[in-house]
Amino acid sequence: MASTTSHKEQPTVDSPIEQRKAEHLQLCMSDDVAAKESTTGLERYRFRHCALPELDFADIDLRVTFLGWPLAAPLLISSMTGGTPDAGEINRRLARVAQQIGIPMGVGSQRVMLEQPQVRDTFAIRQDAPTIPLLANLGAVQLNYGCGVAECQKIVEMLEANALILHLNPLQEAVQTEGDRNFKGLLPKIAMLCQTLPVPIIVKEVGNGISGEVAQRLIDVGVAAIDVAGAGGTSWAKVEAARAHDQRQRYLGQAFGEWGIPTATCIEQIRARLPQVPLIASGGLQHGTDVAKVLALGANLAGLARPFLQAAHQSENALYERIELILAELKTILFCTGNQSIAHLQQRPCLERC
Ligand SMILES: Cc1cc2nc3c(=O)[nH]c(=O)nc-3n(C[C@H](O)[C@H](O)[C@H](O)COP(=O)(O)O)c2cc1C
């Protein structure tokens, strides 16, 4: 994969949906699609240092269990890609590193593989990741555009997935020239999927956040876990603005480039209403400190997308090193706050508002 491929050279792909995937991947390599003025809200917090941890660093334990899955660390490679040859290579790199470390991985929307069977190989990562949880993915709005239980079952089976993630992306669809904008009546369809599919359903946003109130409505109909995917990181309005061919859509994307609920606020709101619900925090996380803060605020897992894409684009080794460094930071924070495990970090308040 040529890391120097320019945006203009990229689309050697056939259909509009494949073309869109290629453009998304290419644009997300640049930092121009990150929120600039809006933040994750995590900067409002800092850890209280403990000078007497009474711990042996060698005993620090990052292992957690999420939805019954034993994981080596509370980290997730968030849903990103598939559907083009470059995307297939990225997926395989992500899968091999996720397997090596022992953390779960999501793939990008699988709608493309339903419509274009020839791209199925770009999602065929089970052989690279035989034992970790793999998470299937579909836009929830597709439930209003021809996808039903059978299609969801099919994408879960084709990935040999352990769960299905439905993403909610009303802003992205609203500002995208070719967006699917009928979000009416989705909740009963999500409820029906929760009752029918043999795997748990996780609902996420794509970088604009899920409020406490929306999380409550989703959990009430049987959703197993929420991924907040809050504001402060990748901005899909900015991505769509950069892709837009007409002035109007470009303006709309730019106007909403900083829109959304900050990641920290999503966690606070959801934990206030739903103290026990399995919760993933993502959106704008970069470092081990961010990961530690979302866990201390009550999330069970921390997800990163674009930072892992950029590393994986460089090389498999660069991705491994990026994750290893995040986990080293996380261990150091546990040590310097006097917590031996993630559960201890979550039980003993050591985060202060600053
Ligand atoms: C290249 C790329 C493609 C993405 N495609 C999807 C997708 O198909 N489905 C989805 O649920 N989220 C998708 N996302 C959103 C991410 O999963 C994540 O919610 C969002 O980027 C915020 O996380 P970040 O700030 O760490 O990038 C994509 C992100 C990137 C960078």
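Every value quoted in this text rests on a predicted model; they were computed, and no experiment measured them. (Residues numbered from 1 in each chain as written. Predicted model: local features only at pLDDT ≥ 70, side-chain atom pairs only at ≥ 80, totals over all residues. Heavy atoms only, no water.)

(A) Layout of the overall build of the chain. For the chain, the helix and strand inventory stands at 14 helices and 12 strands. The C-alpha radius of gyration computed for the chain amounts to 19 Å, which stays within 12% of the reference 20 Å derived for 354 residues, consistent with globular compactness. Here the chain holds 354 residues, and 57% of them are scored as buried. Contacts spanning at least 24 positions in sequence make up 77% of the contacts within the chain whose residues lie at least 6 apart. Taking the 32 positively charged and 37 negatively charged side chains of the chain as two groups, their mean positions are separated by 4 Å. (Helix = DSSP H or I, 4+ residues; strand = E, 2+ residues; numbered from the N terminus. Rg over C-alpha atoms; globule rule 2.2 N^0.38 Å. Buried < 20%, exposed > 50% of the residue type's maximum accessible area, 1.4 Å probe, protein only. Contact = heavy atoms within 4.5 Å. Lys, Arg positive; Asp, Glu negative; His and termini not counted. Charge placed at Lys NZ, Arg CZ, Asp CG, Glu CD.)

(B) Summary view of the environment of Arg 46. Turning to its location among the elements, Arg 46 is positioned in strand S1 (residues 45–47). Each C-alpha atom of the pair Arg 46 and Cys 350 lies 8.5 Å from the other, and the pair is 304 residues apart in sequence.

(C) Structural view of the UniProt feature "domain: FMN-dependent dehydrogenase" (unreviewed entry) in the chain. Under the local residue numbering, the UniProt record ascribes the feature "domain: FMN-dependent dehydrogenase" (unreviewed entry) to residues 19–110 and 189–348. In residues 19–110, helix accounts for 28% and strand for 15%; the two terminal C-alpha atoms are 15 Å from one another. Along residues 189–348 the backbone is 56% helical and 9% strand, and the end-to-end C-alpha distance reaches 39 Å. (UniProt positions renumbered as here; feature names shortened; annotations may be inferred.)

(D) Looking closely at the site of the ligand. Close to the ligand lie 22 residues; Ser 79, Ser 109, Lys 204, Thr 234 and Gly 284 are nearest. In the model, an oxygen atom of the ligand is placed 2.9 Å from a nitrogen or oxygen of the Ala 305 main chain. Contact distances for the ligand include 3.1 Å between an oxygen atom and a backbone N or O atom of Arg 306. Contact with the protein chains covers 96% of the free accessible surface of the ligand, which is 610 Å². It is helix H12 (residues 306–314) that contributes the most residues to the shell around the ligand, 3 residues altogether. Class assignment for the residues of the shell around the ligand results in 9 nonpolar, 10 polar and 3 charged. (Near = heavy atom within 4 Å. Polar contact = N/O pair within 3.5 Å; in protein donor to acceptor, adjacent residues only side chain to side chain. Areas by Shrake-Rupley, 256 points an atom, 1.4 Å probe, with all protein chains shown as cover. Nonpolar A, V, L, I, M, F, W, Y, C, P; charged D, E, K, R; others polar.)

(E) Focus on the side chain of Gln 176. Within the secondary structure, Gln 176 sits in the loop between helix H5 (170–175) and helix H6 (186–196). Look at Gln 176 and you get buried, because its relative accessible area is 3%.

(F) Spatial organisation of the UniProt feature "binding site: FMN" (unreviewed entry) in the chain. Residues given the UniProt feature "binding site: FMN" (unreviewed entry) here are Ser 78, Ser 79, Met 80, Thr 81, Ser 109, Asn 137, Lys 204, Thr 234, Ala 305 and Arg 306. Among the residues examined, Ser 109 registers a relative accessible area of 13% and is labelled buried. Setting aside residues up to four positions removed in sequence, Ser 109 forms contacts with Lys 21, Phe 123, Asn 137, Leu 138, Gly 139 and His 167. Here Arg 111 takes part through its backbone nitrogen, which lies 3.4 Å from a polar atom of the side chain of Ser 109. Assessed through its relative accessible area of 25%, Ala 305 is described here as partly exposed. Once residues lying within four places of it in the same chain are set aside, the contact partners of Ala 305 are Ser 78 and Met 80.

(G) How the structure looks around the packing of helix H2 (residues 85–101) against H12. Where H2 meets H12, the closest approach of the two axes is 9 Å, and the angle between their N-to-C directions is 100°. It follows that H2 is roughly perpendicular to H12 by the angle criterion. In this structure, H2 contributes Ile 90, Arg 93 and Leu 94 to the contact, and H12 contributes Phe 308, Leu 309, Ala 312, His 313 and Gln 314. (Axes fitted to C-alpha atoms, helices over the stretch in contact; angles between N-to-C directions. Parallel < 35°, antiparallel > 145°, perpendicular 65-115°, else oblique.)

(H) View of H12. For H12, the buried fraction is high: 7 of the 9 residues fall into the buried class. Those residues of H12 that sit buried are Arg 306, Pro 307, Phe 308, Leu 309, Ala 311, Ala 312 and His 313. Where H12 is buried, its residues contact helix H1 (16–27), strand S4 (75–77), H2, strand S11 (301–304) and helix H13 (316–336).

(I) The arrangement of the pairing of strand S6 (residues 134–139) in detail. Judged by how many residues are buried, S6 sits mostly within the fold: 6 of 6 residues are covered. Of the two faces of S6, the one holding Leu 134, Ala 136 and Leu 138 and the one holding Leu 135, Asn 137 and Gly 139 are both buried throughout. Taken together, the 2 bridges between strand S5 (residues 105–106) and S6 define a ladder with parallel strand orientation. Within the sheet, the bridge partner assigned to Gly 106 lies in S6 and is Leu 135. (Pairing = 2+ DSSP bridges.)

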